[in-house]
Amino acid sequence: MIRLHDILDAVAAYIPDADLEPIQKAYIFSAKSHKGQTRRSGEPYLIHPMEVAWILTQMKLDVASVATGLLHDTVEDTVATLEEVEALFGEEIREMVDGITKLGKIRFQTTEEKQAENFRKMIMAMAKDIRVIFVKLADRLHNMRTLSHLLEPKRVEIAQETLDIYAPIANRLGIQQMKVELEDLALKYLKPDVFHMIEERIAKRKVHRDHFMQEVREIAQRELAKHQLSCEIVGRTKHLFSIHRKMEAQNIPFDEVHDLVAFRIMVGTLSECYEALGILHALWKPVPGRFKDYIAMPKQNNYRSLHTTVVGPHGERCEFQIRTREMHDIAERGIAAHWRYKERGRKIDQQDEMKFKWVRQLLQWQRELDEPAEFLDTIKLDLFADDIYVFTPNGELKELPRGATPIDFAYDIHTDVGHACVGARVNGRIIPLRYQLHSGDTVEIITGKQKRPNKDWLQFVRTSRAKAKIRHYLRHEEREQAEAIGRELLDKAGHRVGVSAAKILKSKEVASFMVQHGIKDVEGLLATIGYGKMTTDEVLALVIPREEWQQAESVPAPASKMSRLVGKITRRSHSPVKISGISDVLVHFGKCCNPVPGDSIVGFVTRGRGVSIHTIDCARVLASDPARCLPVEWNVEAGAVRIAKIRISCVDRPGLLAKMTEAITEQEVNIVEASIRTMEDQKAVNVFSIEISDLNQLRQVIHALEKVKGVIAVERVRG
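Residues numbered from 1 in each chain as written. Predicted model: local features only at pLDDT ≥ 70, side-chain atom pairs only at ≥ 80, totals over all residues. Heavy atoms only, no water.

**Regarding the overall build of the protein chain**
Applicable threshold: Going along the chain from the N terminus, every DSSP run of H or I of four or more residues is numbered as a helix, and every run of E of two or more is numbered as a strand. Throughout, exposure labels follow a simple rule: accessible area from a 1.4 Å probe, protein chains only, divided by the maximum for the residue type, with under 20% read as buried, over 50% as exposed, and the rest as partly exposed. Contacts between residues were defined by any pair of non-hydrogen atoms, one from each residue, lying within 4.5 Å. For every accessible area listed, the method is Shrake-Rupley and the probe measures 1.4 Å; residues are considered covered only by the protein chains on display.
Of the regular secondary structure elements, the protein chain holds 31 helices and 21 strands. Looking at the protein chain as a whole, 52% of its 719 residues are labelled buried. In the protein chain, once contacts between residues fewer than 6 apart in sequence are set aside, the share between residues at least 24 apart is 67%. Summed over all atoms, the accessible surface of the protein chain reaches about 34,900 Å², with 50% contributed by carbon and sulfur.

**Concerning the confidence of the model for the protein chain**
Predicted coordinates in regions of low pLDDT should not be interpreted in detail. Test applied: Values of pLDDT, which run from 0 to 100, indicate the predictor's confidence residue by residue.
Residues of the protein chain with pLDDT of at least 70 account for 83%, and the chain-wide mean is 81. Confidence drops under pLDDT 50 across residues 103-108; counting only partners more than four residues distant or on other chains, this segment forms 10 contacts. In the predicted structure, residues 554-573 sits below a pLDDT of 50 and forms 26 contacts with residues beyond four places in sequence or in another chain.

**Considering the state of the cysteines**
Short version of the rule: Criterion for a disulfide: a pair of cysteine sulfur atoms at a distance within 2.5 Å.
Summed over the entire model, instances satisfying the criterion amount to zero disulfides. No disulfide involves Cys 592; its nearest neighbouring cysteine sulfur is the one of Cys 618, lying 3.5 Å away. Among the residues examined, Cys 592 registers a relative accessible area of 26% and is labelled partly exposed.

**Some points on the packing of aromatic side chains**
A ring pair, where both rings are aromatic, is described by two values, the distance of the centres and the angle of the planes. The following threshold applies: To pair, rings of Phe, Tyr and Trp, with the six-membered ring standing in for Trp, must have centres within 6.5 Å; the planes then decide the type, stacked if under 30 degrees apart, edge-to-face if over 60, and tilted in the middle. Charges are assigned to positions over rings by a cutoff of 6 Å between ring centre and Lys NZ or Arg CZ, combined with an angular limit of 35 degrees from the ring normal.
Counting across every chain of the model gives four aromatic pairs. With a centroid separation of 6.0 Å and an interplanar angle of 85°, the aromatic rings of Phe 29 and Phe 89 are classed as edge-to-face. Taken together, the residues span a long stretch of sequence, with Phe 29 in helix α2 (residues 21-33) and Phe 89 in helix α6 (residues 82-89) at a distance of 60 residues. Phe 29 gets classed as buried once you look at its relative accessible area, which sits at 12%. We note Lys 25 situated over the ring of Phe 89; from NZ or CZ to the ring centre the distance is 5.5 Å. The ring of Phe 589 carries the charged tip of Arg 642 above its face, separated from the ring centre by 3.9 Å.

**Quick notes on the pattern of salt bridges**
A pair can form between side chains of opposite charge whenever their charged atoms are brought close. Worth spelling out the cut-off: Any Lys or Arg side-chain nitrogen found within 4 Å of a carboxyl oxygen on Asp or Glu counts as a salt bridge.
Per the counting criterion, the structure on display carries 22 salt bridges. What emerges from the salt-bridge pattern is a single network uniting Asp 62, Glu 92 and Arg 131.

**Digging into unusual backbone geometry**
For Asn 594, which is not glycine, the phi dihedral falls at a positive 50°. Within the fold, Asn 594 resides in the loop between β13 (587-589) and β14 (601-605). Positioned with a positive phi, Glu 668 is a non-glycine residue whose angle comes to about 60°. Mapping Glu 668 onto the fold places it in the loop between α30 (656-665) and β19 (670-678). Assessed through its relative accessible area of 73%, Glu 668 is described here as exposed.

This is the structure we're talking about:
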């Protein structure tokens, strides 16, 4: 168990002249604030902030950061206030604690909205002071280490959020040690059977692997010494999540993952990195296409190293990472290893701003994107990306995520270039817009004056910038159409009763109605009518008593499509979905995302086909105007059964199909359709359509299939 003197000794070791009083005061304040509180494990709550502070000392952060680690939950989980924190510790620590504190006291309509707003606040705080995210990561790491004490649904939710957001942030900050541990812990709770399978297989090979690593180290050390190169060589087993990711990416079982070990060579100077690389390639044959020079072209997080894979002793592949000791320190601890604090405020200076331009991108998205689901989708897209490097015709270097297309490249140059993109040349050759760019490509964009973004582009563009700009354009265009339709409908309705649409819209009654319902302007009201979310009859009734204008009409006013939809009792008396608490409304489910009970969902008002139900992160919904979305929820009383699809990659061997179907039926799940396809490399891909009652049952089926020997990967198919 960590004690105060452990934390103080650790800080004093790397900051000899540090004033440790703020840490001591923070410990006393935290102990008093959390007195009597316990964690789910039954341990005193104070253990958690102590562990967080200890993690921060291992990152060698300053006194203010460590004190914030001790204080980070006091405002959120106790009666302590930010004013008290500022009075005792000053404005600097108060702002950091505020940046960490979640928005727990604010009520949100959905979990996604709460999560998105928490990230917005964290990003704003991170832009002011990058140390906020270090404390948040330390907090998440200790929570992940103690996740077993929570119930499974909560464990899965936190683990998925960690994999989606926090591990990629640690990667972007270059904190590899933390990124690796977060990914492995997330895998442990998201796919426990896969985690334990890989863990057991690695443990069985430990003796052989240790002997092999020792042999490789001795040979490499001896050869480098012949050339008077002083170095340190460390061998390690790749972490479990990276092995799992490779199995899934290449559709291979564990037994076919050959490069399980990697070696790091630390040398003294930059030139010695390239000298060591040449010696290794002369010693062992390099594997083509596996060399990467992150020294000449560092990653966005300032990671610098040479990567190469060679065919080592006994024909086994070995990966080597060659770097200086300074590069290694930055690779392990990221920006925390070299962050230079200046005046109060700790803003990013121009030199470091170039290394962390993604922080600016996150700030831009949080300003531009109002929808929580779209904001989270954009963040995940931005954080997960591996990088490639391509060139403009003038030789300017552009950094894009792996899988980026010419359209991504066009939007990276300028929004107008992206909107007008009609084609592209890569290395002088005309290529399709879906083409995935590769490092070293020279890209030239072809534009057309009448060209406009295509909705289909959203299916294959890779960058958050391109997606956001395309969605914004399409929404703007769709909204203009809705406004035009709404104006036309209101003109016709006004003509029936002898009142102009302009007079209706200028009335005090309509203005008051718009304020009450949060409609910003007249255009917004017209769009609401055009989308079918409000009828012209309802607008007329605000200005003219209903009996007067109804008498003036020669025929009854026809209701809008939306009013007919909501007013109609559906043929299915027990709908699986409730809209505004009403379950008897005609709905249909989007085939694009195929939601099942337990998924976070949203309703989408269609023209003439009622309300379409989609998952909250469905690409079609994210690309559409939020004004057409309705809050919906699953009707748990209906007990509806939904069809879900799962894709299983496995080895092609007799009897395995029977074992997979048995694993599914043992979960009391019915298979309604199956598609089996064998591949040339002794693999098979199976797609099953199954009847499930909720998301938990689907997870149980996936876990059961992952236990079947010979199964490589199991995933849910959305479309």
